[in-house]
Structure formats: C-alpha cells, structure tokens
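Breakdown of the fold
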Amino acid sequence: EVQLVESGGGMVQPGGSLRLSCAASGFTFSTYDMNWVRQAPGKGPELVAGISVFEGITRYADSVKGRFTISRDNAQNTVNLQMNSLKPEDTAVYYCNVRRGGVIYWGQGTQVTVSS
C-alpha cells in the first residue's frame with residue numbers, strides 16, 4: 001500500500017523558512033518522480049515543485065523559483081521541500097504526491113501559514 005506522510009508545516013513570519021518532509025512507503029521510491037503540490041483556501045491545487053528519477057532533475061512553479069528547493073533522499077525514501085523567504089501568499093496546505101500505475105497518490109498534507 002502506497003503511503004505518503006508529510007511533516008514540517010507550521011506558522012512562520014514573512015521572510016522565514018520551513019523545511020517540509022514527505023516519508024514514502026509501499027513502492028520503490030527511487031524509481032518514481034515525486035512532487036509537492038499546495039492548495040490555498042479558495043484556490044485550486046498548484047504544482048509547486050517536482051523532482052525526477054533521472055539525474056534528480058527539478059522543476060518549480062514561477063511563484064517559488066529561487067526561494068524553494070526540492071530534494072530527495074532515496075536511502076531514506078523521503079522528498080523534502082526547503083522553503084525560504086516565505087510570503088503570506090505561500091500559505092496553503094502542502095501535499096506530496098506520486099503517480100504510480102496511472103493513479104496519483106497523495107499524503108494527508110501539512111499546513112503552512114505565513115503571517116505576521
């Protein structure tokens with residue numbers, strides 16, 4: 001059974017940093033691309049960052065380029081999202097996901113709130 005468990009969310013002031021982690025199990029983690037997606041209140045989901053299996057190629061939404069960094073640890077089966085210079089508009093529930101066998105699996109999400 002595929003399981004994704006996010007952690008590391010919280011409340012932070014504008015300009016602050018947070019590091020999110022997603023622990024994966026139930027599949028061969030090192031052979032799948034992984035993504036972080038967020039959903040703010042009243043808005044649709046936004047793909048924030050992705051990291052590929054092949055050479056760990058990364059991609060980012062324009063809104064987070066230069067501030068967020070996605071990484072993966074295949075030995076620990078985790079994918080991380082380092083978020084710096086946080087802005088109020090980064091407030092959202094953050095999810096990691098993986099597409100496997102034509103199905104997209106999601107974790108339960110972790111809340112990030114950026115507020116003074």
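Up top is the structure these notes are about.
Calculation rules
- Residues numbered from 1 in each chain as written.
- Predicted model: local features only at pLDDT ≥ 70, side-chain atom pairs only at ≥ 80, totals over all residues.
- Heavy atoms only, no water.
- Helix = DSSP H or I, 4+ residues; strand = E, 2+ residues; numbered from the N terminus.
- Contact = heavy atoms within 4.5 Å.
- Areas by Shrake-Rupley, 256 points an atom, 1.4 Å probe, with all protein chains shown as cover.
- Pairing = 2+ DSSP bridges.
- Axes fitted to C-alpha atoms, helices over the stretch in contact; angles between N-to-C directions.

1. A word on the overall build of the chain
A count of helical and extended segments in the chain gives zero helices and eleven strands. Traced from its N-terminal end to its C-terminal end, the chain shows the element sequence β-β-β-β-β-β-β-β-β-β-β. In terms of its C-alpha atoms, the chain occupies a principal-axis envelope of roughly 40 × 25 × 20 Å. Once local pairs closer than 6 in sequence are excluded, the contacts in the chain between residues at least 24 apart make up 52%. For the chain, the computed accessible surface area is about 6,000 Å², with 48% contributed by carbon and sulfur atoms.

2. Some points on the sheet that holds strand β7 (residues 68-73)
Read from one edge of the open sheet, four strands run β1-β3-β8-β7, paired in antiparallel fashion. Of all strands in the sheet, those bounded by a partner on one side alone are β1 (3-7) and β7. Pairs of neighbouring strands in the sheet enclose a mean axial angle of 15 degrees, with direction left out of account. Bridge analysis of β1 against strand β3 (residues 18-25) gives five bridges, and the strand direction is antiparallel. Across the sheet, E6 pairs through a bridge with C22, a residue of β3.

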